[in-house]
Amino acid sequence: MLSLRGVTVRFGDRTALDAVDLDVAEHETVCVLGPSGSGKSTLLRVVAGLQRADAGRVLLAGEDQRGVPAHRRGVGLMFQDHQLFPQRDVAGNVAFGLRARGVGRAEAARTVAGLLDLVGLPGAGRRAVAALSGGEQQRVALARALAPSPRLLMLDEPLGQLDRSLRERLVVELRSLFGRLGTTVLAVTHDQGEAFALADRVVIMRDGRVAQTGTPLEVWRRPASEFVARFLGFENVVRGTVAGGGVADTVWGKVPVPEGTGEGECGVLVRPGGVRLVPDGALECRVVSRTFRGDHVAVRLRPGGGPELEASCALAGAPEVGASVRVAFAAEDVVVLP
Amino acid sequence: MSRPARESEGNRGTAVRLGLMALPLAFFGVFFAYPVAAIVSRGLKADGHWQFGRIGEVVTDPATAHVLWFTIWQAAASTALTLALALPGAYVFARYDFPGKSLLRAVVTVPFVLPTVVAGSAFLALLGRGGLLDELWGVRLDTTVWAILLAHVFFNYAVVVRTVGGLWAQLDPRQEEAARVLGAGRFAAWRRVTLPALAPAVAAAALMVFLFTFTSFGTVQILGGPRYATLEVEIYQQTAELLDLPTAAVLTLVQFAAVAVLLLVHARTVRRREATLRLVDARRTARRPRGAAQWTLLAAVLAAVVLLILLPLVVLVLRSFDGPDGYGTVFYRALASAGDNGGTFVVAPLEAIGNSVSYALAATAIAVVVGGLAAAALTRREGVLVRGFDALLMLPLGTSAVTVGFGFLIALDEPPLDLRTSWILVPLAQALVGVPFVVRTMLPVLRAVDPRLREAAAVLGASPLRAWREVDLPMVGRALAVSAGFAFAVSLGEFGATVFIARPDRPTLPVAVARLLGRPGELNYGQAMALSTVLMLVCAVALLVLERVRTDRTGEF
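Our subject in this report is the structure included herewith. Just so it is clear, the structure is predicted and the values come from calculations on it, not from any experiment. (Residues numbered from 1 in each chain as written. Chains lettered and ligands numbered in written order. Predicted model: local features only at pLDDT ≥ 70, side-chain atom pairs only at ≥ 80, totals over all residues. Heavy atoms only, no water.)

**Looking at the overall build of chain B**
Right, so step 1: Helices and strands together make up the secondary structure of chain B, namely 23 helices and six strands.
Right, so step 2: Residues counted as buried form 54% of the 557 residues belonging to chain B.
Right, so step 3: Taking as baseline every contact in chain B between residues at least 6 positions apart, the subset at least 24 positions apart corresponds to 79%. (Helix = DSSP H or I, 4+ residues; strand = E, 2+ residues; numbered from the N terminus. Buried < 20%, exposed > 50% of the residue type's maximum accessible area, 1.4 Å probe, protein only. Contact = heavy atoms within 4.5 Å.)

In structure tokens:
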């Protein structure tokens, strides 16, 4: 449905998008994930035709979109801060795209009523948009973007400004809604939880480049780089050298690596679950802090040398701050990074 | 997308802006630059040769220095006095809520759109021979500079209240609260948080007041007597009474240069103000005054408004009824006939109402079209071209109206532009003054429309034209109405240019008032007052209608 080939956007000296390639298949939901300033929003604006690309091609359903203005691209974009038209009521906002495409008044009214039902705001058509809560505005913005049946729906931080419980509920609702409608969706967010819950496939961006692409599970299990690992919240990363024998030499001592790892220098990531506190562990650490995380306790450990480690412990048996513990690494939770 | 494609799209945007600017540019070229250039060159040319020596002679003439010095210091003094009296007013209107506030805000604005001639008459009735102060205490101020200064305060009070107060009302009080929580005292919080935010607005207001008083004509003409003359008055006298065109031309150039400098400074401060502030809804920031100090401040501001603004207006109205045989409508009845006023008029003065209203309506239509297009072209602030255009639009406010009026007469008198006998000449001159108001009112509103709203419309399938019609227009509709009202009011009150080009049998209200004032005799004087009252009423009604449709985000006037 959507293909980007070598899309580059520069703002002065800064390169917002650097030769980005990206594909979104029909009925697929793709989430672009990245820290702020990584070029996510620019990506959406280029696809929508609101931002000219300095180089590269944008193809929608195989057609090059060069020179096609935003209003003829047939894509939908839900803005980060909604951008509802303040002088129109809810129905007027939702109907805007239909009217712009020449849909008759009566038919537009029927579609609007149906969409308001769909987003859980039945009968809200006459309300002023200023009188809506943040969550309601989000729903109206969604209904407005869906109304003209865009061939590609783009969402910019779709749940960014909502409180946590509302976000979690809406993610589930959106996912089932897109599944039912068969919508092709390209969303951007900085929140990995949101991206993993919403997307069939995630694209992680860094400084205008694609850092990794894959299903949420693939990305989570095998981060492709130290940047991706750290962005996903993994902090137990050190440099090491593999010299055969299935272990890497690091400042934390010997860390087992998966079989078949080539020899040479590499990065080593140990997921917190793989940092085991055992009496006969090789690495001695002091407990620096404990953070209660609901179903487990995150324990921060300071080894004799090298960076601090995070271990995930069961609620019962987590060591006290200041305690001295010994650590061993579980091979299945170790990921070798380039 | 490759480079050529990108450039062609960029060129398209520039082309659209240039297209929007075409009509305003043509308008200013033909009806402002050309007449002004024509009169200046006529003054400076003799026997087909440029006489640049005249410039040196006039500029070094002690009389010129005298006029220039008076023009500058009276403008500075007027500005200082206006700020001192109006800044507390701006605060009260911005932060306090009290009954009758919107009515009072309209009243305060009446003088600003009143014709200078009427304001002059009002002060004459208050301070002049046989005026209220004269009758009560035998005090006359009409030939002193105080009369001029007070009249200028009367005029420009609204500029400060609206420009500074309008912004003050939209400053988030929580900013000051944040400073208080961080340990700043009440005054320190105001000085370190609010004042820096307001300073550019105060500077902009001060410059506007300075500009208006620097080019003051009608007020000084009426109240200044033989002793005091501003550049503008001097230009009028050299042109119309002494017929010394070369001197008038040089003085015009001097004023032009001074005003251009002022406008540059003004544009700078305005741009800074627009750039930096985040504003909140003005309705949420005002509250009832609390405690003796706040009530005292409110009372003091109200007293100043009553003394400075209401009193002159009331006196004017009273004078108009104060006939030779006690209070009555003698003067009003006399307005209806052309016969017994010593040949001042070919027609009954009352007919001037109809003339004024129809001229002003035509001028409003012109100003709204020209100013609206200009504002649309200026919405995206970028490029030297756009900024230069912005400054050009303000120039007529600061150029001698007398020069423009006389320039019309000598420049637009031959084919293809022979407009001497056309009624459109007067509305064209009035529209020149109206356009800056339309632009200044529309521009902040147009710029406040979030460009992403237009993008949202585009993504939903609306073409740029449709997006403009459905997104921009509904949001600026009110501003358009307000700017039309202002253009109407200032056109109604325009005097300096109209006095030259209005035909004797079709005088406007301000011209008729000036003619009546220029004649001796109680009947003429009384009629002038009566006609001024009528003019004031027409203005006040237009303004109250304005106040009804006015939004909080509309412009600086």
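From this point, the narrative continues.
**Some details on the side chain of T252 of chain B**
Right, so step 1: Structurally, T252 of chain B can be placed in helix α12 (residues 245–276).
Right, so step 2: Setting aside residues no more than four positions away along its own chain, T252 of chain B makes contact with V40, I235 and T403 of chain B.

**Describing the pairing of strand β2 (residues 14–24) of chain A**
Residue and element names in this part refer to chain A.
Right, so step 1: Relative to β2, strand β1 (residues 2–11) runs antiparallel, the two sharing seven bridges. Among the inter-strand pairings, V9 is bridged to a residue of β2, identified as L17.
Right, so step 2: Connecting β1 to the antiparallel partner β2 that follows it, the hairpin turn spans two residues, and G12 within it adopts a positive phi of roughly 60°. (Pairing = 2+ DSSP bridges.)

**Some points on the packing of aromatic side chains**
Residues and elements named next belong to chain B.
Right, so step 1: Applying the stated rule across the entire model yields 19 aromatic pairs over all chains.
Right, so step 2: Judged by centre distance (6.1 Å) and plane angle (55°), the ring pair of F93 and F98 falls under tilted. One exposure class covers both F93 and F98, and it is buried.
Right, so step 3: Aromatic side chains Y236 and F500 sit 6.1 Å apart centroid to centroid with 75° between the ring planes, which places their arrangement in the edge-to-face category. (Phe/Tyr/Trp six-rings, centres within 6.5 Å; stacked < 30°, edge-to-face > 60°.)

**Here we look at the sheet that holds strand β5 (residues 63–64) of chain A**
Backbone-to-backbone hydrogen bonds pair the strands of a sheet. The strands run either parallel or antiparallel.
Residues and elements named next belong to chain A.
Right, so step 1: Judged by pairing direction, the sheet is antiparallel, and its four strands sit side by side in the order β2-β1-β4-β5 without closing on themselves. At either end of the open sheet lies a strand with only one pairing partner, and these are β2 and β5.
Right, so step 2: Each of β1, β2 and β4 (55–60) is contacted by helix α1 (residues 40–48), which is oriented at about 115° to β1, the strand it contacts most. (Axes fitted to C-alpha atoms, helices over the stretch in contact; angles between N-to-C directions.)

**Some details on the side chain of H71 of chain A**
Right, so step 1: Structurally, H71 of chain A is set in the loop between β5 and β6 (75–78).
Right, so step 2: On the basis of relative accessible area, H71 of chain A is assigned to the buried category, the value being 15%.

**As for the interface of chain A and chain B**
Right, so step 1: Contact with chain A, which involves 34 residues of that partner, is made by 25 residues of chain B.
Right, so step 2: For the chain A and chain B pair, buried surface summed over both sides reaches about 2,500 Å², with 56% attributable to carbon and sulfur atoms.
Right, so step 3: Here chain A and chain B share three salt bridges between them.
Right, so step 4: In this structure, the salt-bridge partner of R452 of chain B is D81 of chain A, at a minimum N-O distance of 2.9 Å.
Right, so step 5: Counting across the interface, chain A meets chain B through six residue pairs in polar contact (both at pLDDT 80 or more).
Right, so step 6: Of all the secondary-structure elements, those providing two or more residues to the side of chain A that touches chain B are α1, β4, β6, α2 (90–100) and α4 (134–146) of chain A. (Buried area = accessible area lost by both parts, 1.4 Å probe. Salt bridge = Lys/Arg side-chain N within 4 Å of Asp/Glu carboxyl O. Polar contact = N/O pair within 3.5 Å; in protein donor to acceptor, adjacent residues only side chain to side chain.)

**A word on the pattern of salt bridges**
All names here are of chain A.
Right, so step 1: Scanning all chains against the criterion turns up 27 salt bridges over all chains.
Right, so step 2: Between E157 and K40 there is a salt bridge whose closest N-O contact spans 3.9 Å. Of this pair, E157 sits in the loop between β7 (152–156) and α5 (164–181) while K40 sits in helix α1; the two residues are 117 residues apart in sequence, bridging distant segments of the chain. We note that E157, like K40, is buried.

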